[in-house]
Every structure is written in structure tokens, then in C-alpha cells.
Amino acid sequence: MPRSNEYLLGGYTYHLTHRCHNREFLLRSMRDRDVYRHWLCEGVERFDVSVYGYCITNNHVHVVAYAKDSEAISGMMHLAAGAVAKQYNLRARHLGAVWEHPFHCTLVDGRRHLLNCLAYVDLNMVRAGCVPHPEAWRWCGYDEVAGQRTRYRILDLKGLVRRLGYASQEAYREEYAALLKRKIDGGELSREPGWTESLAVGDQEFIEQAAKLYPQRSKFICEYLPGEESRDTPAWRVRET
């Protein structure tokens, strides 16, 4: 899987995944999920990172983020993970690791691929059968997109709307809500490992360029991802062999 510091480059959008140690449900408490969200918000401010989407589940987190400086993304993720681990260990008298290290990162192409990535993230707990819609899971970014959260906001919606080319936040909100509805109604909820096990996901030209960003690394393979993402949006990925 893509390893954090080795693959992060400034000026790109990434899907970041961080799992609890041994995939244990160490975030099953609302208190711990609230703590993670608090420190994610703090990290956004402290390191000047644009977060476009996130989901805090019971045993892992997803964050979709952009920053001009790759160290900023690492700083944000390590701040949140470290603060949660410290508080959890003190409260639960837990010994040992809380997180798998390092977190994983996948470079994401723009517009339609980024939209599908955000939907995949927000639909995590729907896919797990815990809630019928992301609006029912308050530890993801959907409530901000829908305008339901007015305090302690994390998402850079202005930056996201600009990056995706929408005329307004309302236009983005309507299309994104329709995308989620289509995926839920159509049963498009299968786990898509391409989002978490690839170095990059996007169209073919983007993937071929992404493979050239890391000439010092081991061999890569570029391949088509059949069935991952909507049928009208062919997806490719690059991964290590």
C-alpha cells in the first residue's frame, strides 16, 4: 500500500487512510471520534491544509486533503493521531499502539474522480450497514456539505467548489447529493480497494504522469479498474508491483 511520507508531494489532492492497530474498534466511543475530529480541525488551522472530505469510523479514518506542502499533510495527520492515542491510552488505561503506522495515501485525479472518492469516503458507514445515509453519521463531512454544521467546520468548501469547477456551493451540494442518492439507491456500496491500495487513481493520462513522479521507487504497474467508480467514468490506477 502507498506509504505516507514516501509518496506525499505538495500540490496534489490525496485520499488518506489511517487504521487502528490490528483493525481494532478503538474509535467505537463517540468521545474518541469527537476527539479525533477536534484535532483534525486543529490540524487544518495549524498546518494550512485544505480538507475536502473525511469520515471517522469505529476503527479507521479517511481524509481527503490538499496542501501545497507535503509536510503540512503529514503534520495534520500525525497531530490528530497522536492526540487521540494519548487521550485514549489515558482514559482506557490502554497499553500499546493505537494506530497502524504509517497512514496510507492515494493521489486522486480531479473532478469526477475526486467526486467519486468523496462519495466513497462519506458512504463508509452506509457500506458498513450502520446508517442509511451519510447525514445520519455525524463524524463525516456530509453535514458540512449539506449546510447542517455551522460551528467547528473542517471542510474547505470554497476551495473544493473552485477545484471542481462549480459555479456555487449550492450547485455542488445538489449534484453531490444526487450522486450519493444514486449510489445508495443503486446499491453501489461495495468496497473499492483501488481507493486505498493504489498509488494514484484517475484517468489514463493522469496515471501515466503519476507513475513518473517517483522514478526512484520500485517498479510500478498502470492498470484499468473495471467496475470501480461509475460506468461513465473509467478509472485507472498505478500501484507497486
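Since the model is a prediction, treat every value here as computed from it, not as a measurement.

Engineer: Mind showing me how you'd approach the overall build of the chain here?
Structural biologist: Each helix and strand counted, the chain has 10 helices and seven strands in total. Expressed as a percentage of its 241 residues, the buried residues of the chain come to 54%. By sequence separation, contacts in the chain at least 24 residues apart represent 73% of the contacts at least 6 residues apart. If you sum the accessible surface of the chain, you get close to 11,400 Å²; carbon and sulfur atoms cover 48% of it.

Engineer: Can you walk me through the pattern of salt bridges in this structure?
Structural biologist: Should their charged atoms come close, side chains of opposite charge can pair. Scanning all chains against the criterion turns up 11 salt bridges. Among the salt bridges present, the one from Arg91 reaches Asp32, with a minimum N-O distance of 2.5 Å. Highlighted residues: Arg91 in helix H3 (residues 70–92) and Asp32 in helix H2 (residues 30–47), separated in sequence by 59 residues. When the shortest N-O distance is used, the salt bridge between Arg46 and Glu42 registers 3.2 Å. Pair noted here: Arg46 and Glu42 are both in helix H2, with a separation of four residues, about one helical turn. Exposure remark for Arg46: the relative accessible area of 48% places this residue in the partly exposed category. Several salt bridges share partner residues, and in doing so they unite Asp34, Arg37 and Arg138 into one network.

Engineer: Can you help me understand the pairing of strand S1 (residues 12–19) in this one?
Structural biologist: Two faces, one strand: in a regular strand the side chains alternate between the faces of the sheet. Counting buried positions over the eight residues of S1 gives seven, a clear majority of the element. The sheet contact formed by S1 and strand S3 (residues 60–67) spans eight bridges and is antiparallel. Bridge pairing in S3 links Leu16 to Val63. Bridge count for S1 against strand S4 (residues 104–108) is four bridges, and the pairing is antiparallel. Residue pairing in the sheet places His15 in a bridge with Thr106 of S4.

Engineer: I'm lost on the confidence of the model for the chain in this one. Help?
Structural biologist: The predicted structure's coordinates, where accompanied by low pLDDT, should not be read in detail. Of the residues in the chain, 86% reach a pLDDT of 70 or more, and the chain-wide mean stands at 87. Predicted confidence in the chain is weakest over strand S6 (residues 220–224), with a mean pLDDT of 58, and strongest over strand S2 (residues 50–56), with 98. Note on residues 228–232: pLDDT under 50 across the span, and 14 contacts to partners over four residues away in sequence or across chains.

Engineer: Would you mind going over the side chain of Thr57 with me for this structure?
Structural biologist: By secondary structure assignment, the location of Thr57 is in the loop between S2 and S3. When its relative accessible area of 2% is taken as the criterion, Thr57 is described as buried. Polar contacts involving the side chain of Thr57 include one to the main-chain amide nitrogen of Asn59, which spans 3.3 Å. A polar atom in the side chain of Thr57 sits 2.7 Å from the backbone oxygen of His60. Ignoring sequence-local partners within four residues, the contact set of Thr57 consists of Leu27, Arg33, Asn124, Met125 and Trp137.

Calculation notes
- Residues numbered from 1 in each chain as written.
- Predicted model: local features only at pLDDT ≥ 70, side-chain atom pairs only at ≥ 80, totals over all residues.
- Heavy atoms only, no water.
- Helix = DSSP H or I, 4+ residues; strand = E, 2+ residues; numbered from the N terminus.
- Buried < 20%, exposed > 50% of the residue type's maximum accessible area, 1.4 Å probe, protein only.
- Contact = heavy atoms within 4.5 Å.
- Areas by Shrake-Rupley, 256 points an atom, 1.4 Å probe, with all protein chains shown as cover.
- Salt bridge = Lys/Arg side-chain N within 4 Å of Asp/Glu carboxyl O.
- Pairing = 2+ DSSP bridges.
- pLDDT = per-residue confidence, 0-100.
- Polar contact = N/O pair within 3.5 Å; in protein donor to acceptor, adjacent residues only side chain to side chain.

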